[in-house]
Amino acid sequence: MNFSLTEEQQILQDSAARLVGQSYPFERRQRDVSSATGFDPELWKQFADMGWLAIPFREENGGFGGEATELMLLMEEMGKGLVAVPYLATVLLFGKLVEAGTEGPLRDDLLTRLIAGQLQGSVAYMERQARYTLNDTCTRASQTPTGFRLSGEKTMAFNGPAADKLIVSARTEGGQQDEWGISLFLVDATAPGLELTSYRLMDGQRAAKVLLNDVQVKSGQLVGQENKGAALLQGVINNALPGLCAEALGLMTHLTNTTIEYTKVRKQFAVPISSFQALQHRMVDMFTACEETRSLVYRSVCSADKPDSQEHLRNLHALKVITGRRGKRVGNDAIQLHGGMGITDELDVGHYVKHLMVLNSLFGDADYHQQQLATLSLSV
Amino acid sequence: MNFSLTEEQQILQDSAARLVGQSYPFERRQRDVSSATGFDPELWKQFADMGWLAIPFREENGGFGGEATELMLLMEEMGKGLVAVPYLATVLLFGKLVEAGTEGPLRDDLLTRLIAGQLQGSVAYMERQARYTLNDTCTRASQTPTGFRLSGEKTMAFNGPAADKLIVSARTEGGQQDEWGISLFLVDATAPGLELTSYRLMDGQRAAKVLLNDVQVKSGQLVGQENKGAALLQGVINNALPGLCAEALGLMTHLTNTTIEYTKVRKQFAVPISSFQALQHRMVDMFTACEETRSLVYRSVCSADKPDSQEHLRNLHALKVITGRRGKRVGNDAIQLHGGMGITDELDVGHYVKHLMVLNSLFGDADYHQQQLATLSLSV
Amino acid sequence: MDITFSSDDLKFRDEVRLFFANAAPEASQQLINNPGTYKQGVIQWQKKLFAQGWVAPFWPREHGGAGWSATQSYIYECERVIAQAPDVVPFGLKMVGPVIYTYGNSEQKARFLPGILNGSDWWCQGYSEPGAGSDLAALKTRADRDGDDYVVNGSKIWTTYAQYADWIFCLVRTDNSGKPQQGITFLLIDMKTPGITVSPIPSINGVDSLNEVHFENVRVPRSNRIGEEGQGWTYAKSLLAHERTAIARVADSKSRLDRLRKFASCELQGGRPMIQDEEFRARFTTIEAELMALEYMELRVLAAMASNRSPGAESSLLKIRGTEIQQALHELTIELAGLYGCMIADNDTSSADIGHSFGDQARKDFMYGRAATIFGGSNEIQKNIIAKRVLGL
Amino acid sequence: MDITFSSDDLKFRDEVRLFFANAAPEASQQLINNPGTYKQGVIQWQKKLFAQGWVAPFWPREHGGAGWSATQSYIYECERVIAQAPDVVPFGLKMVGPVIYTYGNSEQKARFLPGILNGSDWWCQGYSEPGAGSDLAALKTRADRDGDDYVVNGSKIWTTYAQYADWIFCLVRTDNSGKPQQGITFLLIDMKTPGITVSPIPSINGVDSLNEVHFENVRVPRSNRIGEEGQGWTYAKSLLAHERTAIARVADSKSRLDRLRKFASCELQGGRPMIQDEEFRARFTTIEAELMALEYMELRVLAAMASNRSPGAESSLLKIRGTEIQQALHELTIELAGLYGCMIADNDTSSADIGHSFGDQARKDFMYGRAATIFGGSNEIQKNIIAKRVLGL
């Protein structure tokens, strides 16, 4: 049993913390998210230079061969600094799908450019009627002599506006709710028939609604095996969850610390409000929430080497449940304890809360994952 | 809109409060519940003399014609004093079933004796496998030339050990879960084939497991119409719920007040613990819980004149939900704020909590009623 | 103990229904929903209520009140929810109006009450100050006597819709010598007076409704002072209970609960409407039961007020539970919207473009709704009040 | 970062499994479940552990400890839950033992440690006093020097199983002049000493485990004093963190969760097992997820302790969450039992007579379980500790 870091991991953590602490003030972040793509390409280049875009890829693919621990360390620091980069969309979703679902020169080319920071990706899987279910897919891919023709509508493709390439899920077989029959396709952002409506999310990042009007793809653009796209996508999402929750933990940690500091300087009735016991206990609850979340992040990281085990799946569901529930409470309490200042746009608090809310509803919220957990734990 | 009391209601409330406040110290209560029947026959006689046993019956049946308000007033005071009498079992369940389900000389005889305090009753409807569902009934009533023969087992007949007569539910038709086909029968406590195992509940009251081995009943002992017993019983239970929850409210009110008083005298770190803000806020929550419960008791009392309306049923479910949830929290907090003293048998706190727990699981707990409420409010 | 409606009550209910059927509240509500036409919608609706004589149900008849009973107010609110009609904006009608008719002189009543009633004057509230928050009595904005005027210097914060206001009612400090609650004076200030500047405070829901109002040597005639100098705290305090009662917003929550039920019937997951999702049902009915309790808590307070008993600390209770329920509703609504609760509809893209009907509004409501437990005296302060005044702790 | 088991760990796991398979823990557990044979069961089981060398895993090897790594302790606890084997009683092994081997002199170690290990001495804890509660330092029990003895007068309260105890370890006041924490001395007192009386405190679960212990001119040889006079607070405090860590009882809660799952498979409602009831599932999985977090919080503390870092305020965290989870489990279990959670099985009627298997035990656990958030320093006190020591508030 070992919860300490290797020297290399320690270095990664330190350098990520340094970037956040020294060259990424809140004002810069606000400027970044107000840009057209919602992030600063310079910062993305810096991520590439630091080797952070390579972390989750296998060494034979030019990656760092990093495991869950490295990802956790990086993403927790990104959370602490509220760093606005499309790491999840481009690296963890698009990149990992490319790695798992393509091969040969195509994979080499895409991953090389991606790791060098020269390729942005997006995965368009969500449909309006699906809510958090992955399988509920109406978009159709009909066979053509040379490949497929895609038609349908995807609602929220993260990083869609900046993406050079998208991976789109569509049904090649099966009924609307079936796991079987969903396939993934690599589509160029400029492909004829592809129409993107770009919009902002509450945390400043950009997403796109994607309309597919008879978009033609070649059979070589199939990502993974035909009809087996849902499982592939689910695996990649599961792989991203510990990192995603580590980022949420970083946000929660910042919110807790900033609230503690604020209450020490904020005076009411002639004393710092940190002296009120009711508020002290609320902050203890916030701290406890962070510790619980951290424990489950560690737990999922420790079982990540058995990605298909029941035990790991249980850990992931529990992690999403606790991160979701506790994150919500930490966010609400952080605003409440900042009083009127908490609801201003000026302070960073509200922005941390909003990003936390986005992370917690990504890939299913706490209620959703709790029901999944029940299915695993309480089968009759 | 009127939440004030008539002069007569005020008198009833005052006299009930007087009994509790003056002649029913906690020591007497403890002595009463340690007796074989769990209550003092003298006190029951006093209830009869005060006319309280007559409250819920119609005037033509020798009753007081009291409505939900009178019952609420009496039972809230009983709760405040933790009065141990089988009012629910004998008057509200057995008595009201007799009034609604029998007629002529039988009804006159039974109700006259009951109102005079000379008859104890019990209703045996619960079965082991049923949990909170009323319809789940295995006990059989088979037709005989002169009536019925009852066979089966009932698990928890309140006041069973003291009862002169019992009303037993049994299936004359239908499958185990059907509402249709359940009938109610009046059975003498000394009837051959009837076997009672008496035991205590955590709040000191007595219940009995009832074994029926071919108990013979005449057709005249049918209470209500054949096969329609479940609806009759449900109606009588619904009728008792506002009073039951008013009693719970009385318990909660006492627990809240006694906790407030205790924290004012109890010192730690050289100050009364009532000066700690975290505890103050907990007590505000307790007080709020009482006010919420009171509001829903009033709400159910106000709609009690339309007993079969959806609105009234919604009110009853909401009342059980809130009384159950808030009662639990008030009980837990009362113990917690009394510290070690709270878990001693010597203080009244634990005893109030235990009676509250019994009331809150009677006729379905908060979770059960919440699901019923959902069925009414959220049909598709 | 009953809430049975008398035949007069039932007649009144018909009257209310008729009014709502004719008054086209949805048109005003649509204007109100859009920040650009918000003020117009509010005034339009208020003028209809004024014409009907219903704009200030709780005011005494002699000042233009409707003289409704508690039951009539309850009926009106129930029908208002059904008709999805707007509530009035509280600053004039529920806050400063009662102060003026209770503590103002006859000249002040004649001058200010008509504009409050007919909606021609928009009022805002100048209580909170930067750094003071729920500790109202710590206010520092100074009013110094100079001839027949006060000269006001300082800042007020969290001033809702100050950008629209014709008048502001302010608590200002006229004396520093005693306890913080002493030496506070209640002034009515014309927002057009030189020296007043309003700076908007961008808030986390992306809508600008809050402001900071700065006073630099603002001259206010002494005739705009309510009551005695130094007694402003007393006047304001007597009104806070009313404000808190209003903050509970029971009717609004009932209406939200209805809408939430409808949303959940249409929002699918795995092909099944979310209204069938067990976790949703549990959360919905928890709120529903609590709101049913709150409604009767409010009725009990209304009944007490109708018997001329002032709502005391019970109003703190209403404020706490009311705002908690509002937030639970906001939370469940935004979570029902799933990831669509995170989207922003703006000038470039409408909700319809993105493809979700209530996600954007759910987000705005959720974010701004965080203020409910902070403003009007934070819920923590309300608990302190109950602990002290009701429980004697 | 991993919890991968080494091949040595796996060998150890096999060893543990073999031990449990042979040691018949269920026999001891049955004795423990019955108040009449409780002590016998505890000692029987402890002797088996002692014979195996596993009675005090955390003690240093030179004092008879097993010298386990954190991983080994974790493995042992996991297997213990699976085998449904009892935990040891903490007073000797987890509380006074470490004080004696850390602060006692060699004579005291030789005299007391063997009896603690082999189970021949039953210890109880004399910290709390009537009226002091979680404010430990307010203790008043007096120990006055008289020749080579202390003469002890006063009372201790909430003394668990004092009726069985051979020895009591006490905090007593030897000096009143300084701060309350000063002037406290740590004494070991033979329960057979004249002047000691034990009065049981009937508790709300109907089982007598708590007592008040009275001291009237009880003579205690000075050689029974641990460390310096007046330094008792320091010795006791260093141990409280261990006590709190133990109070979390993660393994016990895991075992309860398993049993609860089984109960829910058999408990029906409307013909359907309660394990399918959506509200039950939601409550169960909430506890499950929280317990999964708690388990890793404990592992992190264990790992820190294995690196010879003392569990600091984290132990307060474990105590808070551990006891809250215990109570949530008790609550869900008694509520699963429905009305049967209200019944009492006693000499006249067994659970089998009444017809429900776990209701009576669920009630006892629930009621006594209320103490978990009160004793060992109430959870409110633990929050104060974290606020001050960790958050710097």
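Worth saying up front: this structure is predicted, and the values here are computed from it rather than measured.

Draft legend 1. Local environment of the interface of chain B and chain D. At the junction of the two partners, chain B supplies 51 residues and chain D supplies 52 residues. Carbon and sulfur atoms make up 57% of the area that chain B and chain D hide from each other, which totals about 4100 Å². Looking at the side of chain B facing chain D, the largest losses of area belong to B:Arg128, B:Arg131 and B:Ile343, adding up to 18% of the total buried there. Our count for the contact surface shared by chain B and chain D stands at 6 salt bridges. Linking D:Arg283 and B:Asp367 is a salt bridge whose minimum nitrogen-to-oxygen distance equals 2.7 Å. Taken together, the connections running from chain B to chain D amount to 25 residue pairs in polar contact (both at pLDDT 80 or more). Counting residues per element, the ones that place at least two in the side of chain B that touches chain D are strand E3 (147-158), strand E6 (194-201), strand E9 (267-268), helix H8 (277-303), helix H9 (310-337), helix H10 (349-361) and helix H11 (366-377) of chain B. Grouping the constituent residues of the side of chain B that touches chain D by class yields 18 nonpolar, 17 polar and 16 charged. Bridge analysis of E6(B) against strand E11 (residues 343-344) of chain D gives 2 bridges, and the strand direction is antiparallel. Looking at E11(D), one finds that B:Arg200 is bridged to D:Ile344.

Draft legend 2. Inspection of the packing of aromatic side chains at higher detail. Across all of its chains, the model carries 72 aromatic pairs over all chains by this definition. With 6.3 Å between their ring centres and 55° between their planes, A:Phe47 and A:Tyr87 make a pair best called tilted. Here the residue A:Phe47 occupies a position in helix H3 (residues 41-49), and A:Tyr87 occupies one in helix H5 (residues 87-101), the gap between them amounting to 40 residues. Accessibility classification places A:Phe47 together with A:Tyr87 in one group, the buried group. Centroid distance C:Tyr38 to C:Tyr164: 6.0 Å. Interplanar angle 25°. Geometry classified as stacked.

Draft legend 3. Molecular detail of the environment of A:Gln216. All names here are of chain A. On the secondary structure map, Gln 216 appears in strand E7 (residues 206-218). Gln 216 sits 199 residues away from Ala 17 along the chain, and the two C-alpha atoms are 44 Å apart. Those residues in contact with Gln 216, other than ones at most four positions away along the chain, are Thr 144, Phe 148 and Arg 149.

Draft legend 4. The arrangement of the environment of D:Ile3 in detail. In this fold, D:Ile3 is placed in the segment before helix H1 (7-23). Classification of D:Ile3 as buried rests on a relative accessible area of 17%. The spatial distance from the C-alpha of D:Ile3 to the C-alpha of D:Ala236 is 33 Å, given a sequence separation of 233 residues. Sequence-distant contacts of D:Ile3, defined by excluding residues within four places in its chain, comprise A:Met1, A:Phe3, A:Cys302 and D:Tyr296.

Draft legend 5. Just the nonpolar core, in detail. In this structure, A:Phe47, A:Tyr87, A:Met156, B:Phe47, B:Tyr87 and B:Met156 are the most contacted members of the largest nonpolar core, which totals 326 residues. Sequence-distant contacts of B:Met156, defined by excluding residues within four places in its chain, comprise B:Met126, B:Tyr199, B:Leu201, B:Ala207, B:Ala208, D:Leu339, D:Tyr340 and D:Met343.

Draft legend 6. Here's a closer look at the domain arrangement of chain A. Residue and element names in this part refer to chain A. The assigned domain composition of chain A is domain 1 (7-115), domain 2 (121-225) and domain 3 (231-379). Put simply, the middle of domain 1 and the middle of domain 2, counted by C-alpha atoms, are 23 Å apart. Each side of the interface is counted separately: domain 1 has 19 residues, and domain 2 has 18 residues. Both faces considered, domain 1 and domain 2 share a buried interface measuring about 1400 Å² in area, 69% of it formed by carbon and sulfur atoms. Counting across the interface, domain 1 meets domain 2 through 0 salt bridges. Counting every contact that joins domain 1 to domain 2 gives 7 residue pairs in polar contact (both at pLDDT 80 or more). Going through the elements one at a time, helix H2 (26-33), H5 and helix H6 (104-115) are the ones with two or more residues in the side of domain 1 that touches domain 2. Per-element accounting of the side of domain 1 that touches domain 2 gives the leading share, 7 residues, to H5.

Draft legend 7. Focus on the environment of C:Lys179. Residues and elements named next belong to chain C. Secondary-structure assignment places Lys 179 in the loop between strand E4 (167-173) and strand E5 (184-190). A residue is classified by how much of its surface remains accessible, and Lys 179, at 55% relative accessible area, is exposed. Taking the C-alpha atoms as reference points, Lys 179 and Gly 154, separated by 25 residues in sequence, lie 20 Å from one another.

Draft legend 8. Structural view of helix H8 (residues 277-303) of chain A. For H8(A), which comprises 27 residues, the first-to-last C-alpha distance of 39 Å matches the rise-based estimate of 39 Å (1.5 Å per residue) to within 8%. Across the 27 residues of H8(A), 25 count as buried, placing the element largely inside the fold.

Definitions and limits used
Residues numbered from 1 in each chain as written. Chains lettered and ligands numbered in written order. Predicted model: local features only at pLDDT ≥ 70, side-chain atom pairs only at ≥ 80, totals over all residues. Heavy atoms only, no water. Contact = heavy atoms within 4.5 Å. Buried area = accessible area lost by both parts, 1.4 Å probe. Salt bridge = Lys/Arg side-chain N within 4 Å of Asp/Glu carboxyl O. Polar contact = N/O pair within 3.5 Å; in protein donor to acceptor, adjacent residues only side chain to side chain. Helix = DSSP H or I, 4+ residues; strand = E, 2+ residues; numbered from the N terminus. Nonpolar A, V, L, I, M, F, W, Y, C, P; charged D, E, K, R; others polar. Pairing = 2+ DSSP bridges. Phe/Tyr/Trp six-rings, centres within 6.5 Å; stacked < 30°, edge-to-face > 60°. Buried < 20%, exposed > 50% of the residue type's maximum accessible area, 1.4 Å probe, protein only. Core = buried A, V, L, I, M, F, W, Y, C linked by side-chain atoms within 4.5 Å. Domains from an automatic or database assignment. Expected span 1.5 Å × (residues − 1).

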